[in-house]
Amino acid sequence: MSAPSTAAVVAEAALPDGGRLRILRVDASRASDVVPIVHAAFAARPPVEPPAAALADTVDTIAEKLDGGFGVVGELDGEPAAALIVELDGDDAVITRVAVHPDHQHRGIANALVGCTMDLLALRGTRWLTVGVRTEFPALGRWWRRHGFVPTGEQPPLEILRRTLPVMAEAATADAMRALGERLATVLRAGDVIIATGDLGAGKTTLTQGIGAGLNIAGPVISPTFVLSRVHPAVAGGPALVHVDAYRLGSFDELEDLDLEASLPDSVTLIEWGGGIAEGLADDRLEIDIRRGLDPEDETRLVFLSGLGARWADGQLEELR
Ligand SMILES: Nc1ncnc2c1ncn2[C@@H]1O[C@H](COP(=O)(O)OP(=O)(O)O)[C@@H](O)[C@H]1O
Ligand SMILES: [Mg+2]
């Protein structure tokens, strides 16, 4: 009989410097892996008064936190290098520890752990994610803001930041993906910017076809790989669909050359594969990440929808679950 699984590999992340991070989801039985990372990371910070509670963590306090949610551990070459704890409370989740070992900071590891945690929370249908940041470290607050968190108040000595989690929808077939696009179109309006990411063949263009049908535009929507940008006017009024493929674009400057800003106010602008490039176009934007599961035989796509900024603050995506 095998021992019960207490750590499952949930992702392999390529770090910007070429390192490979193995990300595991862990429960309380792995508390002893987490404690030394937490102590090392928090001891390396400038001292604050009162001291961070994390410095007094023990296997018992960490196990208790893990029991209230789960942990995510990042391993480099089989060694734990970073850890995050998230505690669950109904629709809400709170990140209560984020620690990267001082030897491995500034390598994008926290970024990978937070991204993976948001995926895991989206999969279980959690709506909100909250974090508290010491006000003595404004750079930390800025880091969370870059990840879509918005300050919601203070609980001295912490600033509290919060964001909505991606809504996760499943599309088992290409037709289901088009149907999802049609449903999404019902909440879209002129001025919206959508950034769709995912590997080649993920289903970005298929989803766009559904959005086009929902907006009742002059079709057909085809992959604009050779024509960088295509404008589809609506047949009976309503916003046009501007469909862009940014795959071949190397920089934001090249995207700006397309002059999308001119058509933006009167259109729904959808950019395929714009992750990392197109964010500069609009603060209010809908990011859609389409992924396949690990089984190559299974054509089901997981579609993660994140609405950023005031435009999407009212839970308009909830009905797409
Ligand atoms: N569940 C699914 N969702 C989307 N597309 C699917 C699905 N299952 C199979 N497919 C097929 O996968 C391909 C997706 O291609 P496409 O939408 O052009 O991807 P992308 O634009 O992301 O490169 C299409 O041939 C589509 O018919
Ligand atoms: Mg495409």
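Source: prediction; values computed, not measured. (Residues numbered from 1 in each chain as written. Chains lettered and ligands numbered in written order. Predicted model: local features only at pLDDT ≥ 70, side-chain atom pairs only at ≥ 80, totals over all residues. Heavy atoms only, no water.)

K.L.:
Before we go on, may I ask you to explain helix α3 (residues 109-123) in this structure?
P.N.:
The α-helix winds at 3.6 residues per turn, so residues separated by three or four positions along the chain end up facing the same way. The terminal C-alpha atoms of α3 lie 21 Å apart, and with 15 residues this matches the ideal 21 Å at 1.5 Å per residue to within 8%. For α3, every residue scored as buried is listed here: Ile 109, Ala 110, Ala 112, Leu 113, Val 114, Cys 116, Thr 117, Met 118, Asp 119, Leu 120, Leu 121 and Ala 122. (Helix = DSSP H or I, 4+ residues; strand = E, 2+ residues; numbered from the N terminus. Expected span 1.5 Å × (residues − 1). Buried < 20%, exposed > 50% of the residue type's maximum accessible area, 1.4 Å probe, protein only.)

K.L.:
When you look at the pattern of salt bridges in this model, what are you seeing that I'm missing?
P.N.:
Pairing is possible between side chains that carry opposite charge, provided their charged atoms lie close to one another. Throughout the structure, instances matching the rule amount to 17 salt bridges. Where Asp 57 meets Arg 97, a salt bridge forms, and the shortest distance between an N and an O atom there is 2.6 Å. A residue pair is termed long-range when its members are at least 10 positions apart, and Asp 57 in the loop between α1 (31-43) and α2 (59-67) and Arg 97 in strand β5 (residues 92-100) qualify at 40 residues. The two residues Asp 57 and Arg 97 agree in class, both being buried. Of the charged contacts, one joins Arg 311 and Asp 192 as a salt bridge, the two residues approaching to 2.7 Å between their closest N and O atoms. On the criterion of sequence distance, the pair formed by Arg 311 in the segment after β15 (301-308) and Asp 192 in the loop between α5 (174-185) and β10 (193-197) is long-range, its members being 119 residues apart. Of the two residues, Arg 311 and Asp 192, both sit in the buried class. Through salt bridges with shared partners, one network takes in Asp 119, Asp 289 and Arg 291. (Salt bridge = Lys/Arg side-chain N within 4 Å of Asp/Glu carboxyl O.)

K.L.:
Please clarify how the packing of α5 against helix α6 (residues 204-215) should be interpreted in this entry.
P.N.:
In a pair of packed helices, the angle between the axes and the distance between the axes together describe the arrangement. Close contact between α5 and α6 brings their axes to 7 Å; oriented N to C, the two are set at 45°. As the angle between them shows, α5 and α6 are arranged oblique. Here the hand of the crossing between α5 and α6 comes out right-handed. Of the residues in α6, those in contact with Ala 174, Met 177, Arg 178, Leu 180, Gly 181, Glu 182, Leu 184 and Ala 185 of α5 are Thr 206, Leu 207, Gln 209, Gly 210, Ile 211, Ala 213, Gly 214 and Leu 215. Residues that form the contact of α5 with α6 fall into these classes: 9 nonpolar, 5 polar and 2 charged. (Axes fitted to C-alpha atoms, helices over the stretch in contact; angles between N-to-C directions. Parallel < 35°, antiparallel > 145°, perpendicular 65-115°, else oblique. Left-handed = near helix turned anticlockwise from the far one by under 90°. Contact = heavy atoms within 4.5 Å. Nonpolar A, V, L, I, M, F, W, Y, C, P; charged D, E, K, R; others polar.)

K.L.:
Any chance you could explain the domain arrangement of the chain here in plain terms?
P.N.:
The extent of an interface is frequently quoted as the accessible surface area lost upon association of the parts. Assigned domains within the chain: domain 1 (7-164) and domain 2 (167-320). Between the C-alpha centres of domain 1 and domain 2 the distance comes to 30 Å. Here domain 1 meets domain 2 over a buried area of about 610 Å², counting both sides, of which 54% is carbon and sulfur. Ranking the residues of domain 1 by area buried against domain 2 places Asp 119, Leu 123 and Arg 127 at the top, with a combined share of 55%. On inspection of domain 1 and its partner domain 2, the count reaches 2 salt bridges. When the shortest N-O distance is used, the salt bridge between Arg 291 and Asp 119 registers 2.7 Å. Elements with a contribution of two residues or more to the side of domain 1 that touches domain 2: α3 and β8 (158-164). A per-element tally of the side of domain 1 that touches domain 2 places α3 first, with 3 residues. Class assignment of the residues belonging to the side of domain 1 that touches domain 2 gives a composition of 2 nonpolar, 1 polar and 3 charged. (Domains from an automatic or database assignment. Buried area = accessible area lost by both parts, 1.4 Å probe.)

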